[in-house]
Amino acid sequence: MTEVRIDYDGEGLDESQVPPAPYDLVRQWVGDARRRQDASGDVPEPEAISIATANAQGAPHVRTVLMRYLETDGPGFYTNLESAKASDLAANPQVAGALTWPTMFRAIRFTGTARELPRDVVRTYFDSRPWGSRVGAWVSKQSRPLDSRAELEAANAEMAARYPDTGSPDDVPLPDFWGGYRIDCDEIEFWAGRHSRLHDRLVFVRTAEGNLDDPSAWRLERRWP
Ligand SMILES: Cc1cc2nc3c(=O)[nH]c(=O)nc-3n(C[C@H](O)[C@H](O)[C@H](O)COP(=O)(O)O)c2cc1C
């Protein structure tokens, strides 16, 4: 690999800028990433989050999804409940997620326990998706072997015929095998890249029960970069 060295020149992060609980800062950084994408176009998919799971034997797997859920009880994502990540989480609910915005010299890391999102939350999100994506949820036997691209396209045509687009969210029912997870966080790290690798790492560590906006549930710790 040829070395390309970039001196990280981010704004940094100081304790004085950090609220007493992590939620507002997560929202702020996600909002900053969206605004930057709108303004400069160099943060595509600002909500892309790498999700790490481990199976029953402890073997790790990581993949990128979209963080389409962010409430005071944690960040979350939607997926197929029969996928490889879902079977990892059924065996071992420990999970980690990383949002990374290299052009902003920022990242947020979440670690915790995966909890399935309630069906009413999943349904509301599912109904908000475009028709093609809702049909696609029915089509995909996510993570399982597929013989050919042609088989995928035939399955899509079959589902599109079964659930034609009527312009209403009722036209495609929510599959039982499609849902979501949120991360019940025990740590949330804010990483801000700075010059000469003297980065800021400020980590909220859970000390008690409570949501991401509850100051009594968290203490703040700085870590060596
Ligand atoms: C930018 C991006 C966004 C993605 N968003 C999702 C998503 O929201 N949900 C999902 O299940 N897969 C999403 N995927 C596909 C996953 O990376 C992955 O291929 C899929 O979930 C199967 O993972 P698994 O076999 O480990 O369960 C996305 C991929 C990329 C690159």
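Just so we're clear, the structure is a prediction, and the values are computed from it rather than from any experiment.

Right, let's talk about the UniProt feature "domain: Pyridoxine 5'-phosphate oxidase dimerisation C-terminal" (unreviewed entry) in the protein for a bit. UniProt feature "domain: Pyridoxine 5'-phosphate oxidase dimerisation C-terminal" (unreviewed entry): in the numbering of this structure it lies at residues 178–225. Across residues 178–225 one finds 0% helix and 56% strand; the C-alpha atoms that close the span lie 39 Å apart.

What follows is about the site of the ligand. Taken together, the residues surrounding the ligand are Arg-63, Thr-64, Val-65, Leu-66, Tyr-78, Thr-79, Ser-83, Ala-84, Lys-85, Gln-142 and Ser-143. In this structure, an oxygen atom belonging to the ligand sits 2.6 Å away from a main-chain N or O atom of Thr-64. Of all the secondary-structure elements, those providing two or more residues to the shell around the ligand are β2 (60–66), β4 (74–80) and α2 (84–91). Looking at which element gives the most residues to the shell around the ligand, the answer is β2, with 4 residues. Residue composition of the shell around the ligand, grouped by class: 4 nonpolar, 5 polar and 2 charged.

Let us now look at the pattern of salt bridges. Evaluated as defined, the whole model comprises 21 salt bridges. A salt bridge links Asp-42 to Arg-36, with the shortest nitrogen-to-oxygen separation between them at 2.6 Å. Given a relative accessible area of 28%, Arg-36 falls into the partly exposed group. The partner of Arg-219 in a salt bridge is Glu-221, and the shortest N-O contact between them spans 2.7 Å. Counted as one network, the salt bridges with shared partners bring together Glu-11, Asp-32, Arg-35 and Arg-106.

A separate point is unusual backbone geometry. In terms of backbone geometry, most residues other than glycine have negative phi values and most peptide bonds are trans. Within the chain, Phe-105 stands out as a residue other than glycine whose phi angle is a positive 55°. By the element assignment, Phe-105 lies in the loop between β5 (94–101) and β6 (106–116). One non-glycine residue, Ser-196, adopts positive backbone phi at about 55°.

The rules behind each value
Residues numbered from 1 in each chain as written. Predicted model: local features only at pLDDT ≥ 70, side-chain atom pairs only at ≥ 80, totals over all residues. Heavy atoms only, no water. UniProt positions renumbered as here; feature names shortened; annotations may be inferred. Helix = DSSP H or I, 4+ residues; strand = E, 2+ residues; numbered from the N terminus. Near = heavy atom within 4 Å. Polar contact = N/O pair within 3.5 Å; in protein donor to acceptor, adjacent residues only side chain to side chain. Nonpolar A, V, L, I, M, F, W, Y, C, P; charged D, E, K, R; others polar. Salt bridge = Lys/Arg side-chain N within 4 Å of Asp/Glu carboxyl O. Buried < 20%, exposed > 50% of the residue type's maximum accessible area, 1.4 Å probe, protein only.

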